[in-house]
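The lines below spell out each chain.
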Amino acid sequence: MSERSNPELEPLPYDYDALEPSISEQVLTWHHDTHHQGYVNGLDSAEETLAENRANGDFSSSGSAMRSVTHNGCGHYLHELFWNNMDPNGGGEPEGELAARIEEDFGSYEGWKGEFKAAASAAGGWALLVYDPVAKQLRNVVVDKHDQGALWGAHPILALDVWEHSYYYDYGPARGDFIDAFFDVVNWDNVAQQYEKTVSKHE
């Protein structure tokens, strides 16, 4: 049996104050160091419980542990994507193959953006731009919590966290203002890299 590697919280790819005024230093500190760390810890704990249960043959707590793996695992993975999807020098619009694909699948960049903002307004967790390898197209997806509403087999390439801890300190109940500010820091180079890596495996 292969040895399991424990999940770890990676440092942010920029300073805590680098995304101001879109996201404050205080929010980024809380969000990364407390909330994201909590998902990493929860995933690790659930994995340990499952391993112990397999070893001792007692599976009475395995159901809740497996739910914890999907909840905390998705929280961990999506936050990793979220941090890297942003950059202090971000903003603007996508270019190249990604821009062409967005236009092909959504009609225009504005068509995609309007739909993505609608996803972010409706979600109880995340708005995701994913590549669907079955339909071979990009889709916007509304995800509640971290794992409810996900599309099987789809690969997220852009993630926007709309849990209240992402924005309430900065924007209060004005989630729409936070969504607009997110577009000022989107790292389209990273999104394009995610897209190209994913598509190369499936097309």
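Here, the structure is the one placed above.
Let us look at the structure shown here. Note that this is a predicted model, so its numbers are computed, not measured.

Calculation criteria
Residues numbered from 1 in each chain as written. Predicted model: local features only at pLDDT ≥ 70, side-chain atom pairs only at ≥ 80, totals over all residues. Heavy atoms only, no water. Salt bridge = Lys/Arg side-chain N within 4 Å of Asp/Glu carboxyl O. Helix = DSSP H or I, 4+ residues; strand = E, 2+ residues; numbered from the N terminus. Buried < 20%, exposed > 50% of the residue type's maximum accessible area, 1.4 Å probe, protein only. Pairing = 2+ DSSP bridges. 1 Å grid on protein atoms, 1.4 Å probe; cavity = no way out; pocket = protein on both sides within 12 Å on 5 of 7 lines; lining within 4 Å. Points joined across faces, edges and corners; volume = space filled by probe spheres on them. Nonpolar A, V, L, I, M, F, W, Y, C, P; charged D, E, K, R; others polar. Axes fitted to C-alpha atoms, helices over the stretch in contact; angles between N-to-C directions. Core = buried A, V, L, I, M, F, W, Y, C linked by side-chain atoms within 4.5 Å. Contact = heavy atoms within 4.5 Å. Phe/Tyr/Trp six-rings, centres within 6.5 Å; stacked < 30°, edge-to-face > 60°. Lys NZ or Arg CZ within 6 Å of the ring centre and 35° of its normal.

### Some remarks on the pattern of salt bridges
- Under the defined criterion, the tally for this structure stands at three salt bridges.
- Two residues, Lys 117 and Asp 180, come together in a salt bridge whose shortest N-O distance is 2.8 Å. Here Lys 117 is found in helix α4 (residues 109-122), whereas its partner Asp 180 is found in helix α6 (residues 175-182), with 63 residues between them in sequence.
- For Lys 117, a relative accessible area of 29% gives the class partly exposed.
- One salt bridge connects Arg 139 with Asp 132, and the closest N-O pair in it is separated by 2.8 Å.
- Accessibility expressed as a relative area gives 31% for Arg 139, which makes it partly exposed.
- For Asp 132, a relative accessible area of 6% gives the class buried.

### So, the pairing of strand β1 (residues 125-132)
- By the criterion of burial, β1 is predominantly enclosed, with eight of the eight residues buried.
- As paired strands, β1 and strand β2 (residues 137-144) are joined by eight bridges and run antiparallel to one another. Counterpart to Ala 127 in the pairing with β2 is Val 142.
- The antiparallel pairing of β1 with β2 creates a hairpin that spans four residues between the two strands, and Lys 136 there sits at a positive phi of about 55 degrees.
- Sheet topology note: the β1/strand β3 (residues 155-161) ladder contains six bridges and is antiparallel. Note on β3: the bridge partner recorded for Ala 127 is Leu 160.

### Thoughts on the layout of surface pockets
- Estimated volume of the largest pocket: approximately 530 Å³.
- Residue assignment for the lining of the largest pocket shows that the elements contributing at least two residues are α2 (62-84), β1 and β2.
- Considering each element in turn, the lining of the largest pocket owes the most residues, seven residues, to α2.
- Of the residues in the lining of the largest pocket, the class split is 15 nonpolar, four polar and one charged.
- The volume enclosed by the second largest pocket comes to roughly 180 Å³.

### Points about the sheet that holds β1
- Ordered by their spatial adjacency, three strands build an open sheet running β2-β1-β3, and the pairing between neighbours is antiparallel. A single partner strand is all that each edge strand has here, and the edge strands are β2 and β3. The mean inter-strand angle of the sheet, taken between neighbouring strand axes irrespective of direction, is 20 degrees.

### Some thoughts on the nonpolar core
- Met 86, Leu 98, Trp 112, Phe 116, Leu 138, Leu 158 and Leu 160 are the most contacted members of the largest nonpolar core, which totals 49 residues.
- The element contributing the most residues to this core is β1, with six residues.
- The residues touching Trp 112, leaving out its near neighbours within four places in the chain, are Ile 102, Phe 106, Leu 129, Asn 140, Leu 158, Phe 183 and Trp 188.

### Quick notes on the packing of aromatic side chains
- Evaluation of the coordinates by the stated rule reveals 14 aromatic pairs.
- Ring geometry for Phe 82 against Phe 182: centres 6.3 Å apart, planes inclined by 25 degrees, an arrangement best described as stacked. Highlighted residues: Phe 82 in helix α2 and Phe 182 in helix α6, separated in sequence by 100 residues. Both residues of the pair, Phe 82 and Phe 182, belong to the buried class.
- Here the aromatic rings of Tyr 109 and Trp 112 are separated by 5.7 Å at their centres, their planes lie at 40 degrees, and the arrangement is tilted. One end of the pair, Tyr 109, and the other, Trp 112, are both in helix α4, three residues apart, so they sit about a helical turn from each other.
- One aromatic cluster is present, formed by Phe 82, Trp 83, Tyr 109, Trp 112, Phe 116, Trp 126, Phe 182, Phe 183 and Trp 188 through successive ring pairs.
- Lying across the ring of Phe 183, Lys 113 places its NZ or CZ 4.7 Å from the centre.

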